[in-house]
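In case you want the letters, here they are:
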Amino acid sequence: MENSDLIKDLKDNVNEYMAFIKENIDKKNALVITHGCQMNEHDSEKIIWLLEKMGYTMVDEIDNADFIVVNTCSVRHSAEDKVYGQLGNLKNIKNKRKDLKIAVCGCMMQREESRNYVIEKFPNVDIIFGTNNIWKLPELLYSSYNGKKLAIDIEENPIGLDEGLGATRAYGFKSYVNIMYGCNNFCTYCIVPYTRGRETSRNPKDIIKEIEDLVSHGTKEVTLLGQNVNSYGKTLDFDYSFANLLEDINEIEGLERIRFMTSHPKDISDELIMAFKNLDKLCNFLHLPVQAGSTDVLKKMNRKYSKEDYLNTIEKIKSINPDIALSTDIMVGFPGETEEDFEDTLDLCRKVEYDTSFTFIYSVRENTPAAKMEQVPDKVKHERFERLLDVLYPIQEKKNKALIGQNVTVLVEDFSKKRDDYVTGRTEGFKLVNFKGDESDIGKIVDVKITDANSFSLEGEKLG
Ligand code: 5AD
Ligand code: SF4
């Protein structure tokens, strides 16, 4: 079947499956457990939207749920182990509660090895689907309730099946919006190109319409999601870049903040750098994963830039926008990483001065090129990891402390976890700020004067 026919067929029939579940199934408390990145968080929002359409009520506790969906992540070994532990626990629960339904989805299910392992070791799993066919959930539930022992469907590549799916967003005032799916970069350590398939950009008209709808329902901030957002547009059949998309989104009336995740240093164009100067809604924040500071290691990683290229890009960005907050992903212990290579990573971190960082110990992913390279001993990896944090955290603290006395804007997200008369939110630079406030502040962008800071968060006082 052609992709377009498949999509039409699926979407024409989905209402019947949804109606069946809505009318014929009584026990409808559901829980979605999400592992991994923002992409997965947003996929879970789509799953919840479908479940609610079928009449499910979302609950927080396993004990209260009749249907549990585990949305999995494959990026590191530890993430997979966590899922297996959870499925073991659910197996015991299901032995006592036979009518409990369990679905497993997400990146692990896109990988044949993990999928087969789940099928073999956890026969109590009723439904399996992947990252590229969330729309199939109602049909799979229908099959499962009609006696199918394992209702399973996987789609290798993103083929536009997410178009038209709504999402029950965790917060109304800040929303994730997919702009593209998949990844074509094949960094040698990474499993994502094998789990999420080939890169596909959504049509800009669909993206803009989705954001306009969100804004009309109260969204103030959008985060544009994709594995490599700055290569957006390459699969469109007309000339339109990521910078063009940002310009068009910047025009949407009522929208106040734009963020994006994640960008690749090899695809940062001058046009995009200028957007940080020209677009008033684009937050003063760039997450630009470097992964490693050694040009040799970057080559082995297939990252397609050198240490100098990366530092030049950062210099350009800082010269256009000196106040920009910078964030990164860094990995230690990539195969063959020498002490000298690692020193290059520390040197780069000292030069860039990141405001935030996500740090990882390299984890072997089967069937990726790096899995076959000579590995760094665990002890060395752990020791380097500690040394990396010793460089990153004091810089973060210094940069946060430099904000003391300054006024910032904060999109207030929630009550603070530490004190109930405090609220918490993020600055444009993605820094967490806690300050005295109440329910009426939540969802608003407020002016705050920073009064204190540490490596991970700021404290402030509301102005006005
Ligand atoms: N081991 C450790 N970290 C990894 N990442 C991706 N693959 C691996 C791996 N095999 C990290 C990268 C990426 C982030 C999302 O996860 O830093 O940017
Ligand atoms: Fe993985 Fe590299 Fe693609 Fe990011 S750009 S998802 S690290 S292959």
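**Digging into the site of ligand 1**
- All residues in the neighbourhood of ligand 1 are listed as Val75, Arg76, Tyr189, Gln291, Asp329, Met331, Phe360, Ile361, Tyr362, Ser363 and Arg365.
- Between ligand 1 and the protein, one listed contact pairs an oxygen atom with a side-chain N or O atom of Gln291 at 2.6 Å.
- With respect to ligand 1, the backbone of Ser363 contributes an N or O atom lying 2.8 Å from a nitrogen atom.
- In the complex, 86% of the free accessible area of ligand 1, which totals 400 Å², lies under the protein chains.
- Listed by contribution, the elements that provide at least two residues to the shell around ligand 1 are strand S13 (325-332) and strand S14 (356-361).
- Looking at the shell around ligand 1, its residues break down into 6 nonpolar, 2 polar and 3 charged.

**Points about helix H10 (residues 270-278)**
- Looking at H10, one finds that the buried residues are Leu272, Ile273, Ala275 and Phe276. Each buried residue of H10 sits inside an arc of 145° when the element is viewed along its axis, so together they form one side. Exposed and oriented more than 90 degrees from the buried face of H10 are Lys277 and Asn278.
- Next to the buried residues of H10 lie helix H9 (242-250), strand S11 (257-261), strand S12 (285-287) and helix H12 (307-320).

**Notes on the site of ligand 2**
- Cys183, Asn185, Phe186, Cys187, Tyr189, Cys190, Val192, Pro193, Gln227, His264 and Arg303 make up every residue found near ligand 2.
- The residue makeup of the shell around ligand 2, split by class, is 7 nonpolar, 3 polar and 1 charged.

**Let's talk about the domain arrangement of the chain**
- When cut into domains, the chain gives domain 1 (3-153), domain 2 (169-401) and domain 3 (407-462).
- Relative to domain 3, the C-alpha centre of domain 1 lies at a distance of 36 Å.

**Notes on the pattern of salt bridges**
- Overall, the coordinates contain 36 salt bridges when judged by the stated rule.
- When the shortest N-O distance is used, the salt bridge between Asp99 and Lys27 registers 3.1 Å. Of this pair, Asp99 sits in the loop between helix H3 (77-96) and strand S4 (101-106) while Lys27 sits in the loop between helix H1 (3-24) and strand S1 (29-34), and the two are 72 residues apart along the sequence.
- Among the ionic pairs, Glu221 bridges to Arg257, the shortest N-O distance being 3.2 Å. You can see Glu221 sitting in strand S10 (residues 221-225) and its partner Arg257 sitting in strand S11, a full 36 residues away along the chain.
- When its relative accessible area of 5% is taken as the criterion, Glu221 is described as buried.
- For Arg257, a relative accessible area of 3% translates into the label buried.
- Ionic contacts of the salt-bridge type, sharing partners, join the residues Glu337, Glu339, Glu343, Glu383, Arg384 and Arg387 into one network.

**Some points on the sheet that holds S10**
- Spatial strand order, S7-S10-S11: 3 strands in an open sheet with parallel pairing. Edge strands, defined here as strands with exactly one partner in the open sheet, are strand S7 (174-178) and S11. The sheet shows a mean angle of 25° between the axes of neighbouring strands, direction not considered.
- Across 5 bridges, the pairing between S10 and S11 is parallel. In the sheet register, Val222 faces S11, and the bridge partner there is Ile258.
- Helix H2 (residues 38-53) rests against S7, S10 and S11 of the sheet, and its axis sits at about 100° to S7.

**Description of the side chain of Arg115**
- Mapped onto the elements, Arg115 comes out in helix H5 (residues 112-121).
- Excluding anything up to four places from it in sequence, Arg115 contacts Met108, Met109, Gln110, Ile128, Ile152 and Ile154.

**Details of the side chain of Ser416**
- Counting through the fold element by element, Ser416 comes out in the loop between strand S15 (407-415) and strand S16 (422-426).
- Ser416 has contacts with Tyr422, Val423, Thr424 and Asn434, leaving out every residue within four places of it along the chain.

**A few points about the packing of helix H8 (residues 204-216) against H9**
- At a minimum axis separation of 11 Å, H8 and H9 run at an interaxial angle of 30°. Here H9 runs roughly parallel to H8, going by the angle between their axes. Handedness of the H8/H9 crossing: right-handed. Packed against H8, whose contacting residues are Pro204, Ile207, Ile208 and Ile211, the element H9 presents Leu245, Asp248 and Ile249 at the interface.
- By residue class, the composition of the contact of H8 with H9 is 6 nonpolar, no polar and 1 charged.

Rules and cut-offs
Residues numbered from 1 in each chain as written. Chains lettered and ligands numbered in written order. Predicted model: local features only at pLDDT ≥ 70, side-chain atom pairs only at ≥ 80, totals over all residues. Heavy atoms only, no water. Near = heavy atom within 4 Å. Polar contact = N/O pair within 3.5 Å; in protein donor to acceptor, adjacent residues only side chain to side chain. Areas by Shrake-Rupley, 256 points an atom, 1.4 Å probe, with all protein chains shown as cover. Helix = DSSP H or I, 4+ residues; strand = E, 2+ residues; numbered from the N terminus. Nonpolar A, V, L, I, M, F, W, Y, C, P; charged D, E, K, R; others polar. Buried < 20%, exposed > 50% of the residue type's maximum accessible area, 1.4 Å probe, protein only. Arc of directions from axis to C-beta. Contact = heavy atoms within 4.5 Å. Domains from an automatic or database assignment. Salt bridge = Lys/Arg side-chain N within 4 Å of Asp/Glu carboxyl O. Pairing = 2+ DSSP bridges. Axes fitted to C-alpha atoms, helices over the stretch in contact; angles between N-to-C directions. Parallel < 35°, antiparallel > 145°, perpendicular 65-115°, else oblique. Left-handed = near helix turned anticlockwise from the far one by under 90°.

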